[in-house]
Amino acid sequence: MGASAPYLFWRMNMDLSILKQAGVSQNEFGRLCGVSKIAVFKWSKGGGVNRFLQPKVVKLLATITQAVETGALPLPPGTPRADREKMIAAALVNQLRQA
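Residues numbered from 1 in each chain as written. Predicted model: local features only at pLDDT ≥ 70, side-chain atom pairs only at ≥ 80, totals over all residues. Heavy atoms only, no water.

Trainee: What am I meant to see in the overall build of the chain here?
Mentor: Each helix and strand in the chain was counted, giving 6 helices and 2 strands. Mapped in sequence order, the helices and strands of the chain form the string α-β-α-α-α-β-α-α. Residues counted as buried form 33% of the 99 residues belonging to the chain. Restricting to contacts in the chain with at least 6 residues of sequence separation, those with at least 24 account for 70%. Only carbon and sulfur atoms are counted for the fraction: they give 56% of the accessible area of the chain, which is about 6,500 Å². (Helix = DSSP H or I, 4+ residues; strand = E, 2+ residues; numbered from the N terminus. Buried < 20%, exposed > 50% of the residue type's maximum accessible area, 1.4 Å probe, protein only. Contact = heavy atoms within 4.5 Å. Areas by Shrake-Rupley, 256 points an atom, 1.4 Å probe, with all protein chains shown as cover.)

Trainee: I tried to follow helix α5 (residues 54–70) on my own but got confused; where do I start?
Mentor: Note on helix geometry: an α-helix contains 3.6 residues per turn, so any two residues three or four positions apart are oriented the same way. Taking 1.5 Å per residue as the helical rise, α5 with its 17 residues ought to reach 24 Å, and the 24 Å between its terminal C-alpha atoms agrees with that figure. Among the residues of α5, Q54, V57, L60, L61, T63, I64 and A67 are the ones counted as buried. Positive phi shows up at G71, right after α5, with a value of about 90°. (Expected span 1.5 Å × (residues − 1).)

Trainee: What is the right way to look at the pattern of salt bridges in this model?
Mentor: Inspection of every chain in the model, using the stated rule, returns 2 salt bridges. Between E28 and R84 there is a salt bridge, with the nearest N and O atoms lying 2.8 Å from each other. Taken as a pair, E28 in helix α3 (residues 26–33) and R84 in helix α6 (residues 81–98) lie far apart in primary sequence, 56 residues in all. For the pair E28 and R84, one class covers both residues: buried. Between R31 and E85 there is a salt bridge, with its nearest N and O atoms 2.6 Å apart. With R31 in helix α3 and E85 in helix α6, this pair connects stretches of sequence that are 54 residues apart. (Salt bridge = Lys/Arg side-chain N within 4 Å of Asp/Glu carboxyl O.)

Trainee: Explain the confidence of the model for the chain here, please?
Mentor: Caution applies to low-pLDDT parts of the model: their predicted coordinates are not meant to be read in detail. In this model, the chain carries a mean pLDDT of 88, and residues with pLDDT of at least 70 account for 87%. Of all secondary-structure elements in the chain, the lowest mean pLDDT belongs to helix α1 (residues 5–8), at 55, while α3 reaches the highest, 96. (pLDDT = per-residue confidence, 0-100.)

Trainee: When you look at the environment of G46 in this model, what are you seeing that I'm missing?
Mentor: By secondary structure assignment, the location of G46 is in the loop between α4 (37–44) and β2 (49–50). Considering only alpha carbons, one finds G46 and M14, 32 residues apart in sequence, at a separation of 7.0 Å.

Trainee: What is the right way to look at the environment of G34 in this model?
Mentor: Looking at the secondary structure, you find G34 in the loop between α3 and α4. Spatially, the C-alpha atoms of G34 and K56 are 9.8 Å apart, while their sequence positions differ by 22 residues.

Trainee: What should I look at first to understand the packing of α3 against α6 in this one?
Mentor: Between two packed helices, what matters for the description is the angle formed by their axes and the separation of those axes. As a packed pair, α3 and α6 sit with axes 11 Å apart at the nearest point and diverge in direction by 60°. By the criterion of interaxial angle, the relationship of α3 to α6 is oblique. Classified by chirality, the crossing of α6 by α3 is right-handed. On the side of α3, the interface is formed by E28, R31 and L32, while α6 contributes R84, E85, I88, A89 and L92. Its residues assigned to classes, the contact of α3 with α6 comprises 4 nonpolar, no polar and 4 charged. (Axes fitted to C-alpha atoms, helices over the stretch in contact; angles between N-to-C directions. Parallel < 35°, antiparallel > 145°, perpendicular 65-115°, else oblique. Left-handed = near helix turned anticlockwise from the far one by under 90°. Nonpolar A, V, L, I, M, F, W, Y, C, P; charged D, E, K, R; others polar.)

See the structure below:
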């Protein structure tokens, strides 16, 4: 990377344990963020988050935390895989509306 690379990424100690509590996979979280599951894996290992994406990632993690605290997540056991992303997104939108 060029000389400006340090300014493009924001390093954060990202505790993704809330995803497990919420029943949200790294793949699902990545899709919500607009990145690959590999990017989420790298974040979980201390990799940098693009500075333009960082506010979205922080907001999503905070919203997922609130959804777990209010019982909106995790989804019920046996939720069909095909419906999971839509249901997770709906739970997060409802959480944001209540905030």
